[in-house]
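So you can see what is in the structure, the chains are spelled out below.
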Amino acid sequence: MNDLDQASIGGYTLLTAGLRYTTRIFCKRATIQANLENATNKRYWSAVGSNQIGVGLGRTLSSVRRSISSALRLSPQQTQTKPCRQAH
């Protein structure tokens, strides 16, 4: 910060990666996803303004599970292994 309460921060580059897998569970399409932000755990300033400088987040892992069906209900007939019918 200078005498006028002004500041600037230099640029930075982060490595972010994601992985997604789609499959069928009980004949319903399901997607599992994992995201890794700032994979190299780089230290950086993320923002500047209002007399504040923001510290960037460290390595962050998040996961998401998405399913096309709203709920999976099992009945005794569904516990047996049956081939899924494909919609055309």
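Above this text is the structure in question.
What you see is a predicted model, and the numbers here were worked out from it, not measured in a lab. (Residues numbered from 1 in each chain as written. Predicted model: local features only at pLDDT ≥ 70, side-chain atom pairs only at ≥ 80, totals over all residues. Heavy atoms only, no water.)

**Description of the overall build of the protein**
So, step 1. Each helix and strand counted, the protein has zero helices and five strands in total.
So, step 2. From first element to last, N terminus to C terminus, the protein shows the α and β order β-β-β-β-β.
So, step 3. Taken over 88 residues, the protein has a buried fraction of 10%.
So, step 4. Counting contacts in the protein only where the partners sit at least 6 residues apart, residues at least 24 apart contribute 48% of the total.
So, step 5. Summed over its atoms, the accessible surface of the protein is roughly 7,900 Å², and 51% of this surface lies on carbon and sulfur atoms. (Helix = DSSP H or I, 4+ residues; strand = E, 2+ residues; numbered from the N terminus. Buried < 20%, exposed > 50% of the residue type's maximum accessible area, 1.4 Å probe, protein only. Contact = heavy atoms within 4.5 Å. Areas by Shrake-Rupley, 256 points an atom, 1.4 Å probe, with all protein chains shown as cover.)

**What to know about the pairing of strand 2 (residues 28–37)**
So, step 1. Relative to strand 2, strand 1 (residues 17–25) is paired through nine bridges, and the arrangement is antiparallel. Directly across from R24, in strand 2, lies its bridge partner R29.
So, step 2. The turn linking strand 1 back onto strand 2 is made up of two residues, and F26 within it adopts a positive phi angle of 55°. (Pairing = 2+ DSSP bridges.)

**So, a nonpolar patch on the surface**
So, step 1. A surface patch of nonpolar side chains, about 380 Å² in accessible area, is lined by W45, V48, I53 and V55.
So, step 2. Of all elements in the fold, only strand 3 (45–49) and strand 4 (52–55) reach the threshold of two or more residues within the nonpolar patch.
So, step 3. Note that I53 resides in strand 4. (Patch = residues over 30% accessible without salt bridge, like charges linked within 9 Å, V, L, I, M, F, W, Y side chains within 5 Å. Salt bridge = Lys/Arg side-chain N within 4 Å of Asp/Glu carboxyl O.)

**Brief notes about the packing of aromatic side chains**
Note on aromatic pairs: each is described by the distance of the centres and the angle between the planes.
So, step 1. Across all of its chains, the model carries one aromatic pair by this definition.
So, step 2. Aromatic pair Y12 and Y44: ring centres 4.5 Å apart, planes at 35°, arrangement tilted. Taken together, the positions of Y12 in the segment before strand 1 and Y44 in the loop between strand 2 and strand 3 put the pair 32 residues apart, joining distant regions of the chain.
So, step 3. For Y12, a relative accessible area of 36% translates into the label partly exposed. (Phe/Tyr/Trp six-rings, centres within 6.5 Å; stacked < 30°, edge-to-face > 60°.)

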